[in-house]
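Residue-level listing of the chains:
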Amino acid sequence: MRFSYAKILGLLWFALVVFALFFGLGKPFFQIWDEGRILINTFEMAQSGQWMATTFEGKPEFWNTKPLLLHWLQWASAFLFGWNEWGLRLPSAASALGVVLLILGISKGILGSYRYGFAAGLVLMVLPGYVGFHASRTADYDALLSLGTTGAFLSLWLAAERDSRYLLLTWFFLTLAVLTKGIAGLLIAPGLACIALLRYRAIPWLQTRWFWLGFVFFVFVVLAYYLGRDSLQPGYLEAVWNNELGGRFAQTNEGHNHPWYYYLGVLVRHAGFGGGFLLLFGVALAVKAGSDRVRLAARDALIAALFLGVVLSSSQSKLDWYLVPMHPLLALAAGLGWADWLGDVRVLGYPKRIMVLVLALLFSATYSLEIMGRTNRPTSPEWRAKYACSEVLSQALRGQGEPPTAVLYTPYDAHVRIYVKLLQRKGHRIRLLKSSEVHHRDRVLCSEPEVRASLRQKFAVDSVVHPLGAVTYTILPPLNPLNFDENP
């Protein structure tokens, strides 16, 4: 079998994308926001077999009111690949890969060349805000949400360029987005409506059966889910209203109040230096592209991203990861510009070859820094305080060392609690306790200085100090009730 130059480049591109998304996926500990709680919801769903409801510590989950598509995928992934960091994060990373492959396939179908999708995929892989925490590398909703919103945009692009039958696909991806993150899945809709108007397709599309068949499918599936879950967990719809509309959009929730321009700063941080360069110049090249279709496609992607940003900025509650679905749209616009400017890579002139080398070095440097940041342990005291216990429990989950029999962690503990549950599933005797519940012969893991001091004052202990600062105390039977261990 002979491989052409284009096929070799395509295989290298695919290997690079897979490496970017999956390398070190299972190494970082479960994150405190919001990965731990989401995974507890998934784990308890699997334990109970109640696939249409989520719980937290056995009680109906109304703090997190997101729909269940991600939880179903995590359950299936854990069944196939294990209840561990890698298996539970796989749906998020796979969703990001799906976004890249969708862009690749549709760029070939509409613009006649894979190079547009190749360029957009590489730009997307450089953005730390997308190939990072709370996006494609953690078990959160946002990467799967971006698959739905990006798929909806690309399907609308197909409908405008090819046939109105692709409106069915647009509604399918909007359904996927809503079943992932509720009302957030519809935030791209104003941008899609604007594109339809600018393309002079709005009225003709409203007169096709494909639009209404897709709309009926969307309404039926979404209503069936929400009404069905409310019948199983009475009060769910009220919680959705209070949390997703009244709670997060109409008022500040949990102190996440920021000015309207907040997301401009988030975008700068999410892009990084290399990503910012590729986005800025790529978009500029797309605006001045020689191909009318490339300019039109880039314009549509930027419109969808702009409307998404405006809607998010009008919300009272603002969080960094709400911006994740914007990244594929911006990467697509930039990728279109770079690919159009470079042209056929097999016949590049000398100046463009130099530019390709510079871009390759920029990509490598930016991504290498991102890899180092995500796989190396941070050293800040705040990070150690959050994840010192997680280090010990994660190693025990991998079979590296004996787990403690008790964990004391007094702040918000979902990221610790999920480890306890997964270790219990493997048959280990381990519990989350309060200081007053500790007994002799317990092996107690803790990291907070005040908790450690309290245990040393109350009990005679043997201690093992772990690398990030957590300590496992073995509670010894007192030889003399008045004789306590005074060792630090």
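Structure first, text after, so check above.
Rules used in this analysis
Residues numbered from 1 in each chain as written. Predicted model: local features only at pLDDT ≥ 70, side-chain atom pairs only at ≥ 80, totals over all residues. Heavy atoms only, no water. Helix = DSSP H or I, 4+ residues; strand = E, 2+ residues; numbered from the N terminus. Buried < 20%, exposed > 50% of the residue type's maximum accessible area, 1.4 Å probe, protein only. Contact = heavy atoms within 4.5 Å. Areas by Shrake-Rupley, 256 points an atom, 1.4 Å probe, with all protein chains shown as cover. Phe/Tyr/Trp six-rings, centres within 6.5 Å; stacked < 30°, edge-to-face > 60°. Lys NZ or Arg CZ within 6 Å of the ring centre and 35° of its normal. Expected span 1.5 Å × (residues − 1). Pairing = 2+ DSSP bridges. Disulfide = S-S within 2.5 Å. Core = buried A, V, L, I, M, F, W, Y, C linked by side-chain atoms within 4.5 Å. Salt bridge = Lys/Arg side-chain N within 4 Å of Asp/Glu carboxyl O. Axes fitted to C-alpha atoms, helices over the stretch in contact; angles between N-to-C directions. Left-handed = near helix turned anticlockwise from the far one by under 90°. Nonpolar A, V, L, I, M, F, W, Y, C, P; charged D, E, K, R; others polar. Patch = residues over 30% accessible without salt bridge, like charges linked within 9 Å, V, L, I, M, F, W, Y side chains within 5 Å. Parallel < 35°, antiparallel > 145°, perpendicular 65-115°, else oblique.

(A) Spatial organisation of the overall build of the protein. The helix and strand tally for the protein stands at 18 helices and 7 strands. Within the protein, the proportion of its 488 residues that are buried is 53%. Sequence separation of 24 or more characterises 76% of the internal contacts of the protein that already satisfy a separation of 6 or more. Entry remark: accessible area of the protein is about 22200 Å², with carbon and sulfur atoms responsible for 66%.

(B) View of the packing of aromatic side chains. Under the counting rule described, the total for this entry stands at 25 aromatic pairs. Taking 5.0 Å as the distance between ring centres and 80° as the angle between the ring planes, the aromatic pair formed by Phe211 and Trp212 counts as edge-to-face. On the basis of relative accessible area, Trp212 is assigned to the partly exposed category, the value being 41%. Connected via pairs of aromatic rings, a cluster forms that spans Trp171, Phe211, Trp212, Phe215 and Phe218. We note Arg37 situated over the ring of Phe56; from NZ or CZ to the ring centre the distance is 3.9 Å. For Lys108, the ring lying beneath its charged end belongs to Tyr114, and the centroid distance is 5.4 Å.

(C) Looking closely at helix α17 (residues 414-425). Taking 1.5 Å as the rise per residue, α17 with 12 residues should run 16 Å; its terminal C-alpha atoms sit 16 Å apart, in good agreement. Taken across its 12 residues, α17 has 10 buried, putting it largely inside the fold. Here the buried face of α17 lies against α2 (35-48), β1 (55-56), α4 (85-111), α16 (381-397), β3 (406-408) and β4 (431-432). Positive backbone phi, approximately 95°, marks Gly427, located one or two places after α17.

(D) How the structure looks around the sheet that holds strand β5 (residues 443-446). The strand order across the open sheet built from 5 strands is β4-β3-β5-β7-β6, with neighbouring strands paired in mixed fashion. Strands with a single pairing partner mark the edges of an open sheet, and in this sheet they are β4 and β6 (460-465). Judged from the 6 bridges that link them, β6 and strand β7 (residues 471-476) form a sheet pairing that is antiparallel. When the sheet's bridge partners are listed, Val465 is paired in β7 with Val471.

(E) Structural context of the state of the cysteines. With the rule as written, the count across this model stands at 0 disulfides. In this structure Cys446 is not part of a disulfide, and its nearest cysteine sulfur, from Cys389, lies 6.8 Å away.

(F) Focus on the nonpolar core. Core analysis: the biggest nonpolar cluster contains 105 residues, and Phe153 and Leu332 have the highest contact counts within it. Sequence-distant contacts of Phe153, defined by excluding residues within four places in its chain, comprise Ile188, Leu192, Ile195, Ala297, Asp300, Ala301, Ala304, Leu329 and Leu332. Residues Ile32, Ala396, Leu397 and Val416 belong to the second largest nonpolar core, which totals 32 residues.

(G) Focus on helix α10 (residues 209-232). Its 24 residues place the ends of α10 34 Å apart at the C-alpha level, agreeing with the 34 Å of an ideal helix rising 1.5 Å per residue. Taken together, the buried positions of α10 are occupied by Phe211, Gly214, Phe218, Val222, Tyr225, Tyr226 and Arg229.

(H) Region of the structure containing the pattern of salt bridges. In this structure the tally under the stated criterion is 16 salt bridges. Glu85 serves as the salt-bridge partner of Arg398, at 3.8 Å between the closest nitrogen and oxygen. Here Arg398 is found in the loop between α16 and β3, whereas its partner Glu85 is found in helix α4, with 313 residues between them in sequence. Measuring nitrogen to oxygen at the nearest pair gives 3.2 Å for the salt bridge that ties Arg431 to Asp442. A residue pair is termed long-range when its members are at least 10 positions apart, and Arg431 in strand β4 and Asp442 in the loop between β4 and β5 qualify at 11 residues. Here the salt bridges do not stand alone but share partners, grouping Glu44, Glu57, Asp413, Arg417 and Lys421 into one network.

(I) Broad picture of the packing of helix α8 (residues 189-198) against helix α13 (residues 292-314). In contact at an axis separation of 8 Å, α8 and α13 are set at 140° when each is read in the N-to-C sense. Here the hand of the crossing between α8 and α13 comes out right-handed. From α8, Pro190, Gly191, Cys194, Ile195 and Leu198 reach across to α13, where they touch Arg299, Asp300, Ile303, Ala304, Phe307 and Val311. Here the contact of α8 with α13 is built from residues that sort into 8 nonpolar, 1 polar and 2 charged.

(J) Region of interest: a nonpolar patch on the surface. A grouping of Ile203, Leu206, Trp212, Phe215 and Val216 is seen on the molecular surface, where their side chains present a nonpolar patch of about 470 Å² in accessible area. Elements with a contribution of two residues or more to the nonpolar patch: α9 (202-206) and α10. Examining the composition of the nonpolar patch, we find that 3 residues originate from one element, α10, more than from any other. Looking at the element boundaries, Trp212 is found in helix α10.

(K) Spatial organisation of the environment of Phe281. Relative to the elements of secondary structure, Phe281 occurs in helix α12 (residues 262-287). As for Phe281 and Trp338, which are separated by 57 residues in sequence, their C-alpha atoms are 8.1 Å apart.

(L) Just the packing of α4 against helix α5 (residues 115-126), in detail. Direction vectors running N to C along α4 and α5 enclose 155°, while the axes themselves pass 7 Å from each other. Viewed along their axes, α4 and α5 adopt a mutual orientation that is roughly antiparallel. The chirality of how α4 crosses α5 is right-handed. Contacts between α4 and α5 pair Val99, Val100, Ile103, Leu104, Ser107 and Leu111 from the former with Tyr116, Gly117, Phe118, Ala120, Gly121, Leu124 and Met125 from the latter. Here the contact of α4 with α5 is built from residues that sort into 10 nonpolar, 3 polar and no charged.

(M) Geometry of the pairing of β5. Sheet analysis places β3 next to β5, joined by 3 bridges and oriented parallel. Note that in β5 the partner of Ala406 across the bridge is Val444. Direction of pairing for β5 relative to β7: antiparallel, over a ladder of 4 bridges. Residue pairing for β7: Arg443 is matched across the bridge by Thr474.

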